[in-house]
Amino acid sequence: MLNTLTNSPRQIALGDRVTFDTDEGYQAGTVNDLRRDVGNGELHAWVELDHQWPGMFRAVPLKNIANAKCMRTFQTAGATT
């Protein structure tokens, strides 16, 4: 889990549902990875886009993420259902 900005309480983690601003308007998707840019070292969320072909990803700078919703589920070892 990583903070989006140094002084921001908002955090992004794998599996989160996010919306973000682009030059094509707001888009949404699920965070699959967090990677640094090779050129400037800026942290990007690799987001699998909604309403696209499966496997379509977009590298989104964390500063462009408008909303993040925790969608992670945790299972306890030995839990029965």
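The structure this text deals with has already been given above.
Let me begin by describing the structure that accompanies this report. Predicted model, so just to flag it, every value in this text is computed and none were measured.

**A look at the overall build of the protein chain**
(1) Moving on: The helix and strand tally for the protein chain stands at 0 helices and 7 strands.
(2) Moving on: Going from the N terminus to the C terminus, the protein chain shows its helices and strands as β-β-β-β-β-β-β.
(3) Moving on: Within the protein chain, the fraction of its 81 residues that count as buried is 25%.
(4) Moving on: Of all intrachain contacts in the protein chain linking residues separated by at least 6 positions in sequence, the fraction that spans at least 24 positions is 35%.
(5) Moving on: Accessible area for the protein chain stands at about 5,900 Å²; split by element, carbon and sulfur atoms hold 51% of it.

**Description of the side chain of Q27**
(1) Moving on: Along the chain, Q27 turns up in strand β4 (residues 25-36).
(2) Moving on: Of note is the side chain of Q27, whose polar atom sits 3.0 Å from the side chain of E24.
(3) Moving on: Setting aside residues no more than four positions away along its own chain, Q27 makes contact with V18, T19, F20, T22, L49 and R58.

**Some details on the packing of aromatic side chains**
(1) Moving on: Under the criterion given, the structure shown has 0 aromatic pairs.
(2) Moving on: Over the ring of W46 we find R35, and its NZ or CZ is 4.7 Å from the ring centre.

Rules and cut-offs
Residues numbered from 1 in each chain as written. Predicted model: local features only at pLDDT ≥ 70, side-chain atom pairs only at ≥ 80, totals over all residues. Heavy atoms only, no water. Helix = DSSP H or I, 4+ residues; strand = E, 2+ residues; numbered from the N terminus. Buried < 20%, exposed > 50% of the residue type's maximum accessible area, 1.4 Å probe, protein only. Contact = heavy atoms within 4.5 Å. Areas by Shrake-Rupley, 256 points an atom, 1.4 Å probe, with all protein chains shown as cover. Polar contact = N/O pair within 3.5 Å; in protein donor to acceptor, adjacent residues only side chain to side chain. Phe/Tyr/Trp six-rings, centres within 6.5 Å; stacked < 30°, edge-to-face > 60°. Lys NZ or Arg CZ within 6 Å of the ring centre and 35° of its normal.

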